[in-house]
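# Chain and residue survey
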There are 2 protein chains.
Amino acid sequence: MSEQGGFTASARHRDIPEASVARLPVYLRALSGLADAGHVTVSSEGLATAAGVNSAKVRKDLSHLGSYGTRGVGYEVDELVHHISNALGLTQRWSVVLVGVGNLGHALAGYAGFASRGFRIAGLVDADPARVGERVAGLTVRSIDELAEVVTTGGVSIGVIATPAGAAQVVCDQLVAAGVTSILNFAPTVLQVPDGVELRKVDLAVELQILSFHEHRKSVSGAVGA
Amino acid sequence: MSEQGGFTASARHRDIPEASVARLPVYLRALSGLADAGHVTVSSEGLATAAGVNSAKVRKDLSHLGSYGTRGVGYEVDELVHHISNALGLTQRWSVVLVGVGNLGHALAGYAGFASRGFRIAGLVDADPARVGERVAGLTVRSIDELAEVVTTGGVSIGVIATPAGAAQVVCDQLVAAGVTSILNFAPTVLQVPDGVELRKVDLAVELQILSFHEHRKSVSGAVGA
DNA sequence: CCGACTTTGTGAATGCGTTCACGAACGCGT
DNA sequence: ACGCGTTCGTGAACGCATTCACAAAGTCGG
Ligand SMILES: NC(=O)c1ccc[n+]([C@@H]2O[C@H](COP(=O)([O-])OP(=O)(O)OC[C@H]3O[C@@H](n4cnc5c(N)ncnc54)[C@H](O)[C@@H]3O)[C@@H](O)[C@H]2O)c1
Ligand SMILES: NC(=O)c1ccc[n+]([C@@H]2O[C@H](COP(=O)([O-])OP(=O)(O)OC[C@H]3O[C@@H](n4cnc5c(N)ncnc54)[C@H](O)[C@@H]3O)[C@@H](O)[C@H]2O)c1
């Protein structure tokens, strides 16, 4: 009860529905485009079009951050960028360690989107002795044995796994042990993490198979004549 | 009415909830692992553990494909693989065209997971004259001008976009015009597609920003002491 | 052949997310 | 100053997905 007074400003962060959180980055991108195009304000309808959703969703999502719109006008673009960035924690720079500097790892290491979104690659790590020491995207590949050190000294809180599936759980455990509390997994395997560690995954094979399902469905129902 | 009799076998395909479809590939992967480990049958509980979900979800999902389990025993692994593959349309080989053979495109082109899951890369396409003609992963990079031909002669129904965001909508339109009906987009931008074209996206920046949100949330609530 | 045990398949309950719909609030033109 | 048109913010309705919980259906040892 007594602590409620001190919470109100930041308490909003805590109960933003996951589905809304996932759309905030998309709004942010859309807003950048609108700002570049010279828009000072934008209506929920305008932002909705730019973000590929409907306007009710935009308003509901933004309402979780606070009341920053002006009725009859819309939202001020700059202000909204600021509030969304705040909610997503993008006002600080997060450090990332990338484990597995193979085929995909090279592409990720060289990806400009990391830096431009405020994420710093604090280290590249691989288990292959032949890869350790190689310079990739301005960084030297370190040994997996040095993972804990890279995490600690680099202030790393996010780990990206781009190793083969067979190594992913081991790497995941090592990341968690080193103190990483958020993990993005590109390996096609289900990972176990303890409570308190956030896990997200990107799985190309799954995406393709979902597309396959829809192609198949179209061809089956289409063949009948409807 | 007369055609209903002919429908019953395949009609199941049509009303599988999207959320279930998205899990079927994960079950498939889990079942491969179980088969390799020598399991002949598996219970919903066992499959649930392997797939990282709960058993009720597994049973509900599988029930959409038909009644292939045996009460008191579980599901026969091989049979289940067969039925899921059928439902996902993986009994046929789908051809894919990859547009944008840059940093990420190279990694995707060389990705073994394409072929091993039954997807054939029918062509690599790029707009940069310097890239056209280059050999990547056993294929020669073709010009974007030849896209329609690659799609038609290759029997391509799935397109993968790995170009910069600015070119993605144009490429998307070209793919659709060429006859592609499913698209997987890696560029960080919202794409418009006509009805009947399936669109999915993979967005690294969005994933990282979602993780950022959770890191931020942890650090804010953690600082208070609870 | 039977009874105890296991596990499926599925209605019912619950929860979450989306969409609708409208009152309240604001800017602007007159 | 005031009314008009626009747009936000949000309760309520709706729909989809998840989870619960259990009867039905099978196995298997004796
Ligand atoms: N290449 C793609 O386009 C692509 C697409 C989607 C998913 N993936 C997945 O991403 C992962 C990496 O793919 P890739 O094509 O880069 O494979 P890769 O074999 O080229 O690279 C894997 C790298 O991980 C390293 N590694 C292996 N075990 C390790 C360990 N225990 N600790 C640290 N590093 C270790 C290897 O030395 C290698 O450098 C795979 O799981 C793959 O399925 C790849
Ligand atoms: N590299 C990564 O790890 C990574 C990760 C996530 C997302 N992405 C996204 O994937 C896309 C590609 O990234 P990248 O790092 O490979 O960039 P890149 O610049 O290395 O490659 C882009 C390629 O697309 C080609 N291209 C440009 N316009 C084209 C057109 N109209 N038609 C055909 N080809 C065209 C270019 O010639 C180039 O070869 C970007 O949108 C990027 O944001 C990349």
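Keep in mind it's a predicted model, so treat the numbers as computed, not measured. The residue numbers shown here count from 1 along each chain, following its written sequence. Chains and ligands are labelled by the order in which they are written, letters from A for the one and numbers from 1 for the other. Note on the predicted model: pLDDT of at least 70 is required for a residue's local features to be given, and 80 or more for side-chain atom pairs to be given and counted; whole-chain, interface and lining totals, by contrast, use all residues. Values reported for side chains reflect all heavy atoms of the structure, with hydrogen atoms and water molecules removed beforehand.

### A look at the overall build of chain A
Segments assigned H or I by DSSP are reported as helices when at least four residues long, segments assigned E as strands when at least two residues long, and all are numbered from the N terminus. Regarding its fold elements, chain A presents ten helices and ten strands. In terms of overall dimensions, chain A has a C-alpha envelope of 65 × 65 × 40 Å along the principal axes. Buried means the residue's accessible area, taken with a 1.4 Å probe over protein chains only, is under 20% of the maximum for its type, while exposed means over 50%, and partly exposed covers the values in between. For chain A, the proportion of its 226 residues judged to be buried stands at 46%. In this analysis, two residues are considered to be in contact whenever any of their non-hydrogen atoms come within 4.5 Å of each other. Partitioning the intrachain contacts of chain A with sequence separation of at least 6 by distance along the chain shows that 55% fall at a separation of at least 24.

### Some words on the side chain of H214 of chain B
Inspection of the secondary structure puts H214 of chain B in helix 10 (residues 204-224). The buried category is assigned to H214 of chain B, whose relative accessible area is 4%. Excluding residues within four positions of it along the chain, H214 of chain B makes contact with E18 and E198 of chain A.

### As for the sheet that holds strand 8 (residues 156-161) of chain B
Residues and elements named next belong to chain B. The pairing criterion for strands is at least two bridges between them, as found by DSSP. Pairing in this open sheet of seven strands is mixed, and the strands run 6-7-5-4-8-9-10 from one edge to the other. This sheet does not close on itself; its edge strands, each paired only once, are strand 6 (135-136) and strand 10 (198-201). Note that strand 5 (residues 119-126) and strand 7 (residues 139-143) share three bridges and pair parallel. Of the residues in strand 7, the one forming a bridge with L124 is V141. The strands touched by helix 9 (residues 165-178) within the sheet are strand 4 (94-99), strand 8 and strand 9 (182-185), with strand 8 carrying the most contacts at an inclination of about 175°. For helices, the fitted axis covers only the stretch in contact; all axes are lines through C-alpha atoms, and the angles between them, taken along N-to-C directions, range from 0 to 180 degrees.

### So, the sheet that holds strand 10 (residues 198-201) of chain A
Residues and elements named next belong to chain A. One open sheet accounts for seven strands, arranged 6-7-5-4-8-9-10; its pairing is mixed. The outermost strands of the open sheet, each flanked by one partner alone, are strand 6 (135-136) and strand 10. The strands touched by helix 8 (residues 147-154) within the sheet are strand 4 (94-99), strand 5 (119-126), strand 7 (139-143) and strand 8 (156-161), with strand 5 carrying the most contacts at an inclination of about 165°.

### Points about the packing of helix 2 (residues 18-36) of chain B against helix 5 (residues 77-88) of chain B
Residues and elements named next belong to chain B. Closest axis-to-axis distance for the helix 2/helix 5 pair is 10 Å, and the angle between their directions is 150°. As far as their axial angle goes, helix 5 and helix 2 are roughly antiparallel. As for the relative orientation of helix 2 and helix 5, their crossing is left-handed in sense. Of helix 5, the residues touching helix 2 (which contributes V21, L24, P25, Y27, L28, L31 and A35) are V77, L80, V81, I84, S85 and L88. Along the lines of polarity and charge, the residues of the contact of helix 2 with helix 5 split into twelve nonpolar, one polar and no charged. Note that the term roughly parallel is reserved for angles under 35 degrees, roughly antiparallel for angles over 145, roughly perpendicular for angles of 65 to 115, and oblique for everything else. Left-handed describes a crossing in which the near helix is turned anticlockwise from the far one by less than a right angle; the clockwise case is right-handed. Residues are sorted three ways: Asp, Glu, Lys and Arg are charged, Ala, Val, Leu, Ile, Met, Phe, Trp, Tyr, Cys and Pro are nonpolar, and all the rest, Gly among them, are polar.

### Structural notes on the site of ligand 1
Definition of nearness: a residue and a molecule or strand are near each other if at least one heavy atom of the residue lies within 4 Å of the molecule or strand. Neighbouring ligand 1 are 24 residues; N103, L104, D126, R131 and T163 of chain A lie closest to it. Per-site note: the chains with residues close to ligand 1 are chains A and B. Take N103 of chain A: an N or O atom from its main chain is 2.9 Å from an oxygen atom of ligand 1. Side-chain atoms alone can form a polar contact between residues adjacent in sequence; in general such a contact is a pair of N or O atoms within 3.5 Å, and within protein one must be able to donate a hydrogen while the other accepts it. Interatomic distance of 3.2 Å between a side-chain N/O atom of Y111 of chain B and an oxygen atom of ligand 1. Every element with two or more residues in the shell around ligand 1 is listed here: helix 6 (103-109) and helix 9 (165-178) of chain A together with helix 6 (103-109) of chain B. For the shell around ligand 1, the element with the highest residue contribution is helix 9 of chain A, accounting for three residues. Looking at side-chain class alone, the shell around ligand 1 contains 17 nonpolar, four polar and three charged residues.

### Side note on the domain arrangement of chain A
Residue ranges assigned to the domains are those given by an automatic or database domain assignment. You can read the domains of chain A as domain 1 (9-87) and domain 2 (94-206). Each of domain 1 of chain A and domain 2 of chain A has a C-alpha centre, and these two points are 31 Å apart.

### A few points about the interface of chain A and chain B
The partner chain B presents 68 residues to the 68 residues of chain A that form the contact. Accessible-area loss on putting two parts together, using a 1.4 Å probe and summing over both, is the definition of buried area adopted here. Carbon and sulfur atoms make up 67% of the surface buried where chain A meets chain B, a total of about 6,100 Å² over both sides. Three residues, Q209, L211 and F213 of chain A, lead the burial of chain A against chain B; their summed loss comes to 11% of the area buried on that side. Each reported salt bridge corresponds to a side-chain nitrogen of Lys or Arg within 4 Å of a carboxyl oxygen of Asp or Glu. At the junction of chain A and chain B, the tally comes to four salt bridges. By residue number, the principal contributor to the side of chain A that touches chain B is helix 10 (residues 204-224) of chain A, which donates 18 residues. Of the residues that constitute the side of chain A that touches chain B, the class distribution is 36 nonpolar, 21 polar and eleven charged.

### Topic: the protein's contact with DNA strand D
Around DNA strand D lies a shell of 26 residues, among which S44, R71 and Y75 of chain A together with R23 and R71 of chain B are the nearest. Close to the protein, within 4 Å, the atoms of DNA strand D belong to sugar or phosphate groups at a rate of 65%. Between DNA strand D and N54 of chain B, the relevant distance is 3.1 Å, taken from a phosphate oxygen to a side-chain nitrogen or oxygen of the residue. Breaking the surface near DNA strand D down by element, the ones donating at least two residues are helix 4 (55-63), strand 2 (69-70) and strand 3 (74-76) of chain A together with helix 2 and helix 4 (55-63) of chain B. Element by element, the count of residues in the surface near DNA strand D is highest for helix 4 of chain B, at four residues. Looking at side-chain class alone, the surface near DNA strand D contains seven nonpolar, ten polar and nine charged residues.

### Some points on the protein's contact with DNA strand C
Around DNA strand C, the structure places 25 residues, and the nearest of them are R23 and R71 of chain A together with S44, R71 and Y75 of chain B. Backbone atoms, meaning sugar and phosphate, form 64% of the atoms of DNA strand C found within 4 Å of the protein. N54 of chain A is positioned with one of its side-chain polar atoms (N or O) 3.0 Å from a phosphate oxygen of DNA strand C. Taking R59 of chain A, its side chain carries an N or O atom lying 3.3 Å from a base nitrogen of DNA strand C. Elements with a minimum of two residues in the surface near DNA strand C: helix 2 (18-36) and helix 4 of chain A together with helix 4, strand 2 (69-70) and strand 3 (74-76) of chain B. The element that contributes the greatest number of residues to the surface near DNA strand C is helix 4 of chain A, accounting for four residues. Classifying every residue of the surface near DNA strand C by side-chain character gives seven nonpolar, ten polar and eight charged.

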